[in-house]
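# Topology and contacts: notes
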Number of protein chains: 2
Amino acid sequence: MNSDPRASARRRATGRVTLADVAQAAGVSPITVSRALRGERAVDPELVERVRAAATRLGYVPDPAARALASQRGTHVAVLIPLLSNTLFVDLIEALQHTLRPAGYQALIGITHYNPSEEEQLLREQLMHRPAGLIVTGRSHSPAAQALIDASGVPCVHVMETIDAPGVHSVGFSQKAAGAAVVRHLIERGRRRIAFAGAQLDARTLQRLEGWREALGEAGLHDARLEWLNPAPSSMALGARLLEQILAMKPAVDAIFFCNDDLAQGALLAAQRLRLAVPKRLAIVGFNDLTGSDQMVPALTTVRTPRGEIGQRAAQMLLTLMRGGTPPERCVDVGFELVVRESS
Amino acid sequence: MNSDPRASARRRATGRVTLADVAQAAGVSPITVSRALRGERAVDPELVERVRAAATRLGYVPDPAARALASQRGTHVAVLIPLLSNTLFVDLIEALQHTLRPAGYQALIGITHYNPSEEEQLLREQLMHRPAGLIVTGRSHSPAAQALIDASGVPCVHVMETIDAPGVHSVGFSQKAAGAAVVRHLIERGRRRIAFAGAQLDARTLQRLEGWREALGEAGLHDARLEWLNPAPSSMALGARLLEQILAMKPAVDAIFFCNDDLAQGALLAAQRLRLAVPKRLAIVGFNDLTGSDQMVPALTTVRTPRGEIGQRAAQMLLTLMRGGTPPERCVDVGFELVVRESS
DNA sequence: CTGAAAGCGCTTACAG
DNA sequence: CTGAAAGCGCTTACAG
């Protein structure tokens, strides 16, 4: 409560207000200030109050670099996603930041482009910066990447898929079950020749394919020639091309399940150019319920994937892990929702 | 050149290889290692070689936190953009990272949602982390934000617009000229009642509007009732709604310039539902050449904005600034390109 | 061109 | 529940 500025806030050469300044102003030791401000360990409530007041009065702002150096742990969370051009991941990022920022963590975004070696390289870079936590899309691609994560000891949550393995934390949904749900819906509507059109062929696409296979198999409708797999990146243009290829099949298909909405949107537009009646002659279903799918003509049937909820719950789980706690569940399934519109 | 591991790399408690270890192995002082590795100041080439070799041999990795603490400057660049859901900014981010990462900088992305107070809040947070540099979309919205930037002394480059003001660095193009170019194209094609449909109403949208006004004014075709401005976020659904509203006008319009491609795409789909002949009865032009615009039926005429080049050149300019240099130009104009397709 | 000293601002054990 | 000491790993002036 000293009002002499020289005594209450003796500044360093940098002009910055430090922990020591706050300690002096509050009449306690620096370490007590540190503990009081972080809420770590038990500190006399009255002291906490005094410290808080002094910190506010002096305009104290902790230095993340000093904290990181002393604690050997940064204040940011590294987030590895395949792409930013799929709005799926944009929604995920927004949700993550929404939960992480108020807790004092910055998200550092790394884009892997679905490339295992880029993922590994990014992981190496990010880990060098000692992140407090890690969010990774799906299972790591290369064993080397997984080894890096394990060796780092940095808490990690995998998102988008449910991964039920010891020591692995994940938030997502069953991509396979979602794929199967699409097929069952189409069968219910009387479709018999249901093609699967996949691009990129990343792990999750293949899991949806697995669901497609299983559901068709159970109905006795599976035919391997109905699998159209293209490793090129997913895009509207590719969807248009896939549609044309699949239409050339004999016997004709009566439905196509595209592994992502952008493909399905492109196919819908191509169908228009070809004057192909959707859903009358051909049903089209997408995946992810991306922007614009509800605007298409006809509106696209798809699977709504709760990436907002995934981001939020993954962030919460990571927060628990970073504080040294144990999350209630190691593998959280947030489910999915089939959105039936006009195209099926 | 000591091969005794104990002597050549005496580890700290953390097990980390430090500058001191490298110094000892190379037989020089730590500060010389620091300088040799950073390429700062003149160091005897032979020593540099020895230091490099020792660092490689020991697997030395600099600690960003320690560097940040000692130098009072972080190793990351804060990037402020309005949204990630407009792929425009995704392309920008990718280009920025592509140039920044090899130079050893990490991009920290802040999303302002076109909200000045969020921008200010983010700026405050980011600045607290002492970024090495700053990338901001357009002119800062609030004077307070600009003041924060100026006071911080952190090098800053503004992107997307050309801002020709003293002390301001920018890379972009003239949004106004681009808006005018669209209008001139439509006039050339014989259109006379050309509406402007804008959403979000951010600074750059208003600059395009300015170009629209000017070009129409010069042709004696301006009519204030042709301005349709909606502050809601840009989306396909809003584009559809705007189209319907504008179609109700009397006398009828014969062209609409949408300030962003997603609006135009939505309008194109709505036109299909309404069985409105585009471009015969109505020309539609968008802006930014986003994903899918070339796939629309009819394909969308738009303005291709070189965000990849903007990102790359802005990063280079910032790199120069961060190294204490002076970029050759303070305001770089990368231009734009009218892409005439089928909808106009 | 090179180095010894001091310091950046915080936190981690270790005591009490 | 609180604190004195040491240290995290680097860089900034200041000398020479």
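Note that the coordinates shown come from a computational prediction; the quantities given were computed from them, not determined experimentally.

Quick look at the packing of aromatic side chains now. Residue and element names in this part refer to chain A. A complete count under the given rule lists ten aromatic pairs over all chains for this structure. Aromatic side chains Phe 257 and Phe 287 sit 6.3 Å apart centroid to centroid with 40° between the ring planes, which places their arrangement in the tilted category. Highlighted residues: Phe 257 in strand 8 (residues 255-258) and Phe 287 in the loop between strand 9 (283-285) and strand 10 (302-304), separated in sequence by 30 residues. In this pair, the class of Phe 257 matches that of Phe 287, namely buried. One aromatic cluster is present, built from ring pairs that chain together Phe 173, Phe 196, Trp 212, Phe 257, Phe 287 and Phe 336.

Turning our eyes to something else, we now look at the domain arrangement of chain A. Domain boundaries in chain A define domain 1 (5-62), domain 2 (73-173 + 308-334) and domain 3 (175-304). Here the C-alpha centre of domain 2 of chain A lies 34 Å away from the C-alpha centre of domain 1 of chain A.

Close contact between helix 5 (residues 64-71) of chain A and helix 5 (residues 64-71) of chain B brings their axes to 8 Å; oriented N to C, the two are set at 135°. As judged from the angle between their axes, helix 5 of chain A and helix 5 of chain B are oblique. By crossing handedness, the relation of helix 5 of chain A to helix 5 of chain B is classed as left-handed. Residues A:Ala65, A:Ala66, A:Ala68 and A:Leu69 of helix 5 of chain A touch helix 5 of chain B, and the partners they reach there are B:Ala65, B:Ala66, B:Ala68 and B:Leu69. Tallied by class, residues from the contact of helix 5 of chain A with helix 5 of chain B come to eight nonpolar, no polar and no charged.

Residues and elements named next belong to chain B. Strand order in the open sheet made by the six strands is 2-1-3-4-5-11, with parallel pairing throughout. In this open sheet, the two edge strands, each paired with only one partner strand, are strand 2 (106-111) and strand 11 (331-333). Geometrically, the sheet is characterised by an average inter-axis angle of 15° between neighbouring strands, direction not taken into account. Where strand 5 (residues 170-173) and strand 11 come together, three bridges link them in parallel fashion. From the neighbouring strand, Val 171 faces strand 11, where its bridge partner is Val 332. Across the face of the sheet, helix 6 (residues 87-100) comes into contact with strand 1 (76-81), strand 2, strand 3 (133-137) and strand 4 (156-161) while running at roughly 170° to strand 1.

Secondary-structure assignment places B:Ala107 in strand 2. A C-alpha to C-alpha distance of 8.4 Å links B:Ala107 and B:Ile93, two positions 14 residues apart in sequence. Among residues more than four places away in sequence, those in contact with B:Ala107 are A:Leu108, B:Val77, B:Val79 and B:Gln97.

Here we take up the interface of chain B and chain A. Facing 43 residues of chain B, the contacting portion of chain A comprises 43 residues. Interface area for chain B against chain A, summed over the two sides, is near 3,900 Å², with a carbon-plus-sulfur share of 58%. It is B:Arg101, B:Gln106 and B:Gln295 in chain B that bury the most area against chain A; as a group they hold 16% of the surface buried on that side. Measuring nitrogen to oxygen at the nearest pair gives 3.7 Å for the salt bridge that ties B:Arg130 to A:Asp63. Taken together, the elements giving at least two residues each to the side of chain B that touches chain A come down to helix 5, helix 6, strand 2, helix 7 (116-128), helix 11 (236-247) and helix 12 (261-273) of chain B.

A word on the pattern of salt bridges. In the structure shown here, the tally under the stated rule is 38 salt bridges over all chains. Across the pair B:Glu120 and B:Arg124 runs a salt bridge whose closest N-O atoms are separated by 2.8 Å. A residue pair is termed a helical-turn pair when its members lie 3 or 4 positions apart in one helix, as B:Glu120 and B:Arg124 do in helix 7 at four residues. Judged by relative accessible area, which is 42%, B:Arg124 ranks as partly exposed. Among the charged side chains, a salt-bridge network with shared partners connects A:Asp289, A:Arg304, A:Glu337 and A:Arg341.

What follows is about the packing of helix 2 (residues 19-26) of chain A against helix 4 (residues 45-58) of chain A. Residue and element names in this part refer to chain A. Their axes nearest at 9 Å, the elements helix 2 and helix 4 cross at an angle of 120°. Overall, the two elements helix 2 and helix 4 adopt an arrangement that is oblique. For the pair helix 2 and helix 4, the crossing hand works out as right-handed. Between helix 2 and helix 4, the residues in contact are Asp 21, Val 22, Ala 25 and Ala 26 and Arg 50, Val 51, Ala 54, Ala 55, Arg 57 and Leu 58, respectively. Each residue belonging to the contact of helix 2 with helix 4 can be placed in one class, and the counts come to seven nonpolar, no polar and three charged.

Reading guide: rules and limits
Residues numbered from 1 in each chain as written. Chains lettered and ligands numbered in written order. Predicted model: local features only at pLDDT ≥ 70, side-chain atom pairs only at ≥ 80, totals over all residues. Heavy atoms only, no water. Phe/Tyr/Trp six-rings, centres within 6.5 Å; stacked < 30°, edge-to-face > 60°. Helix = DSSP H or I, 4+ residues; strand = E, 2+ residues; numbered from the N terminus. Buried < 20%, exposed > 50% of the residue type's maximum accessible area, 1.4 Å probe, protein only. Domains from an automatic or database assignment. Axes fitted to C-alpha atoms, helices over the stretch in contact; angles between N-to-C directions. Parallel < 35°, antiparallel > 145°, perpendicular 65-115°, else oblique. Left-handed = near helix turned anticlockwise from the far one by under 90°. Contact = heavy atoms within 4.5 Å. Nonpolar A, V, L, I, M, F, W, Y, C, P; charged D, E, K, R; others polar. Pairing = 2+ DSSP bridges. Buried area = accessible area lost by both parts, 1.4 Å probe. Salt bridge = Lys/Arg side-chain N within 4 Å of Asp/Glu carboxyl O.

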